[in-house]
Amino acid sequence: MSNLPAPTENYQEEDEMNAVAHDYGVGKEPVARLRMAVVGAGSRGASLARAFHACPEWELTAVCDVEIDRAGKLAAQLGDVPWFETIDELLDSVEVDTAAIATPLGALHGTTMTALRAGKHVLAEEPLADSLVRGHEMVSEAQANGLVLMTDHPHSFEPAIQKIQKLMDSGSLGEILFVEALLSEPNLLKTERDVFWDLAPGNFAILDQVLPEGLAPLEVSAFGGDPLGTGRDCVGHINFRLSNDAPVHVHVNRLSRAKTHQLLIAGTRLTMVWDGGLHKERLQVLDPCLPNQQKHFSPYCPEPEIPQLLDEDGPQLILEQQTLGRMAAELAKRIQRQRGGFPPHLPGLRVLAMLEAIARSRSIDGQASRVMAPFPEDSDPDIAGNWSQSILWSK
Ligand SMILES: NC(=O)c1ccc[n+]([C@@H]2O[C@H](COP(=O)([O-])OP(=O)(O)OC[C@H]3O[C@@H](n4cnc5c(N)ncnc54)[C@H](O)[C@@H]3O)[C@@H](O)[C@H]2O)c1
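None of the values given here were measured: they were computed from a predicted structure.

**A closer look at the pairing of strand 5 (residues 121-124)**
Consideration 1: Side-chain alternation along strand 5 places His121 and Leu123 on one buried face and Val122 and Ala124 on a second face that is also buried.
Consideration 2: Direction of pairing for strand 4 (residues 98-101) relative to strand 5: parallel, over a ladder of four bridges. Bridging from a neighbouring strand, Ala99 pairs with Val122 of strand 5.
Consideration 3: Bridging between strand 5 and strand 6 (residues 149-151) involves three bridges; their strand directions are parallel. Its bridge partner lying in strand 6, Val122 is registered against Leu149.
Consideration 4: As for the winding sense of the linkage, the β-α-β connection from strand 5 through helix 6 (residues 132-144) to strand 6 is right-handed.

**Things to note about the nonpolar core**
The nonpolar side chains of a soluble globular protein tend to be buried, and buried together.
Consideration 1: In this structure, Ile164, Phe204, Ile238, Phe240 and Ile265 are the most contacted members of the largest nonpolar core, which totals 72 residues.
Consideration 2: Formed jointly, this core draws a minimum of three residues from each of two domains, domain 1 (11-154) and domain 2 (155-301 + 343-393).
Consideration 3: Ranked by size, the runner-up nonpolar core spans 30 residues in total, among them Met36, Phe157, Met327 and Ala332.

**A look at the pattern of salt bridges**
Consideration 1: What the rule picks out here adds up to 12 salt bridges.
Consideration 2: The salt bridge partner of Arg44 is Glu125, with a shortest N-O separation of 3.3 Å. Of this pair, Arg44 sits in helix 2 (residues 43-54) while Glu125 sits in the loop between strand 5 and helix 6; the two residues are 81 residues apart in sequence, bridging distant segments of the chain.
Consideration 3: Here Asp208 makes a salt bridge to Arg350, at a shortest N to O gap of 2.7 Å. With Asp208 in helix 8 (residues 195-210) and Arg350 in helix 10 (residues 346-363), this pair connects stretches of sequence that are 142 residues apart. This pair shows no difference in class: Asp208 is buried, exactly as Arg350 is.
Consideration 4: Residues participating in the shared-partner salt-bridge network are Arg44, Glu125 and Asp152.

**A word on the site of the ligand**
Consideration 1: Of all residues adjacent to the ligand, which total 21 residues, the nearest are Arg44, Asp65, Arg70, Glu125 and Arg193.
Consideration 2: One of the side-chain N or O atoms of Glu125 is found 2.8 Å from a nitrogen atom in the ligand.
Consideration 3: Burial of the ligand by the protein chains amounts to 78% of its free accessible area of 860 Å².
Consideration 4: Across the shell around the ligand, the residue classes tally to seven nonpolar, five polar and nine charged.

**Brief notes about the packing of aromatic side chains**
Consideration 1: In this structure the tally under the stated criterion is one aromatic pair.
Consideration 2: Consider the rings of Phe52 and Trp58, whose centres lie 5.1 Å apart with planes at 85°: the pair is edge-to-face. Per residue, the accessibility class of Phe52 equals that of Trp58, and both read buried.

**Some words on the sheet that holds strand 2 (residues 58-64)**
Consideration 1: One open sheet accounts for six strands, arranged 3-2-1-4-5-6; its pairing is parallel. Among the strands making up the open sheet, the edge pair consists of strand 3 (83-84) and strand 6.

**Observations concerning the packing of helix 7 (residues 159-170) against helix 8**
Consideration 1: Contact geometry of helix 7 with helix 8 gives a least axis separation of 9 Å together with a crossing angle of 35°. Note on element contacts: helix 8 touches helix 7 through Ile206, Gln209 and Val210, opposite Ile161, Gln162, Ile164, Gln165 and Met168.
Consideration 2: A per-class count over the contact of helix 7 with helix 8 returns five nonpolar, three polar and no charged.

**Brief notes about a negative patch on the surface**
Consideration 1: A surface patch of negative charge is lined by Glu85, Asp88, Glu89 and Asp92.
Consideration 2: Note that Asp92 resides in helix 4 (residues 87-93).
Consideration 3: You can call Asp92 exposed: its relative accessible area is 70%.

**Some points on helix 10**
Consideration 1: In a regular helix each residue adds 1.5 Å, so 18 residues correspond to 26 Å; helix 10 covers 26 Å between its end C-alpha atoms and thus fits that length.
Consideration 2: Extensive coverage of helix 10 is indicated by the burial of 13 of its 18 residues.
Consideration 3: At the exit of helix 10 stands Asp365, carrying a positive phi of roughly 60°.

**Looking at the environment of Asn244**
Consideration 1: Inspection of the secondary structure puts Asn244 in the loop between strand 9 (235-241) and strand 10 (247-253).
Consideration 2: Take Asn244: its relative accessible area is 32%, and that puts it in the partly exposed class.
Consideration 3: Sequence-wise, Asn244 and Glu175 are 69 residues apart; in three dimensions their C-alpha atoms are separated by 8.5 Å.
Consideration 4: If sequence neighbours within four positions are ignored, Asn244 has contacts with Glu175 and Ile176.
Consideration 5: Looking at Asn244, its side chain comes within polar contact range of the main-chain nitrogen of Ala246, at 2.9 Å.

**So, the confidence of the model for the protein**
Consideration 1: Within the protein, residue pLDDT values average 82, and 78% of them lie at 70 or more.
Consideration 2: A low-confidence stretch, residues 1-27 stays under pLDDT 50, and its non-local contacts, those more than four residues away or across chains, total 52 contacts.
Consideration 3: Predicted confidence is poor over residues 380-395, with pLDDT under 50, and the contacts of this stretch with residues over four places away or in other chains come to 32 contacts.

**Considerations on the packing of helix 6 against helix 10**
Consideration 1: Here helix 6 crosses helix 10 at 165°, and the two axes come no closer than 9 Å. The angle between helix 6 and helix 10 falls in the class roughly antiparallel. For the pair helix 6 and helix 10, the sense of crossing is left-handed. For the pair formed by helix 6 and helix 10, the contact residues are Leu132, Gly135, His136 and Val139 on the first element and Leu349, Leu352, Ala353 and Glu356 on the second.
Consideration 2: Of the residues assigned to the contact of helix 6 with helix 10, the class counts are five nonpolar, two polar and one charged.

Conventions adopted
Residues numbered from 1 in each chain as written. Predicted model: local features only at pLDDT ≥ 70, side-chain atom pairs only at ≥ 80, totals over all residues. Heavy atoms only, no water. Buried < 20%, exposed > 50% of the residue type's maximum accessible area, 1.4 Å probe, protein only. Helix = DSSP H or I, 4+ residues; strand = E, 2+ residues; numbered from the N terminus. Pairing = 2+ DSSP bridges. Right-handed = clockwise from strand over helix to strand, strands pointing away. Core = buried A, V, L, I, M, F, W, Y, C linked by side-chain atoms within 4.5 Å. Domains from an automatic or database assignment. Salt bridge = Lys/Arg side-chain N within 4 Å of Asp/Glu carboxyl O. Near = heavy atom within 4 Å. Polar contact = N/O pair within 3.5 Å; in protein donor to acceptor, adjacent residues only side chain to side chain. Areas by Shrake-Rupley, 256 points an atom, 1.4 Å probe, with all protein chains shown as cover. Nonpolar A, V, L, I, M, F, W, Y, C, P; charged D, E, K, R; others polar. Phe/Tyr/Trp six-rings, centres within 6.5 Å; stacked < 30°, edge-to-face > 60°. Axes fitted to C-alpha atoms, helices over the stretch in contact; angles between N-to-C directions. Contact = heavy atoms within 4.5 Å. Patch = residues over 30% accessible without salt bridge, like charges linked within 9 Å, V, L, I, M, F, W, Y side chains within 5 Å. Lys, Arg positive; Asp, Glu negative; His and termini not counted. Charge placed at Lys NZ, Arg CZ, Asp CG, Glu CD. Expected span 1.5 Å × (residues − 1). pLDDT = per-residue confidence, 0-100. Parallel < 35°, antiparallel > 145°, perpendicular 65-115°, else oblique. Left-handed = near helix turned anticlockwise from the far one by under 90°.

So this is what it looks like as structure tokens:
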């Protein structure tokens, strides 16, 4: 028997998704506008700045970039907000509540610590830091000052991913049999990081959200390759097991000509296929109990309330802006203490724990490496949550 609603109930699902959108503040009067500064005016910083600029909960107050022309150009596009060369100058000159840090990985820790020490909440790019120790330092600083530190894992706010999470939580899939995730992006020159640190965080953040036990494997094996001799892995395969022994395979690739982002979760009852490259119908749920492998589509539901700023750039960018808008609204709720739940920095730390285990596995020719606890054993349990107690994180 299938737990899915009949295909004719799609409208009800759309209503559900609209309800999610409204829950994130779309179409509601804001309580009070929070002031946001964007640090790093590259491609990600520009996307974040546009999203916060369009979000009713936020006022974009300033931008900065060590390449000052970039900061000025972005500021001009957004109605001449003040712009600065350094985060110190910015914090000395403008009142802000929060900083969105969109610098390259090497500068994330320094800029985030500067913002936190100045008493600002932080939205930090993924991966949160270049090591688990540094990530933990950032979290400790935020906790010590009662500040929110959230990692920018945008897919978490996508309706299709939230739908997967709901189906997983409800047990509709049955027992999980296997999971496969693939992310390939052709631009080899975009970053100097190896492909694991570059592309795996996005996949891990999705898995951390949708897997019933989160991203908590005991150990992980990684295999990579650099066939062009660039000095770093450009293709990578990561394997680990869930607690029921179901295998998970994550493939990340900078050499592929095709841009692909897919996730497949197979259960004993249903199989879910998410395709991040599609604008509509990103999520298919396959039910072998229905005649002829009939497919049930969970449609992506556009939100007309959000201004379609980038219409000429295509539906993918509109979708990205809508997802970032939801993330911005969630961040506001967290800061205004309107929403509780697990600490928003935990997924970022768990992703870092995975990345470090992968690096260790690569250094021992792909043998399995233990995933370390994201918090030291002597951490305050309120900070560590249940994770440090969990045997899944035992060292
Ligand atoms: N969450 C996601 O889905 C996602 C997507 C893309 C990129 N990213 C992350 O976003 C970050 C930025 O990526 P990008 O593609 O925009 O890179 P980018 O190189 O285009 O932009 C980074 C900008 O930061 C500036 N910068 C560097 N150090 C700085 C400092 N100390 N203070 C202020 N500005 C500084 C650079 O001059 C540059 O303009 C990276 O950490 C990347 O991993 C995340």
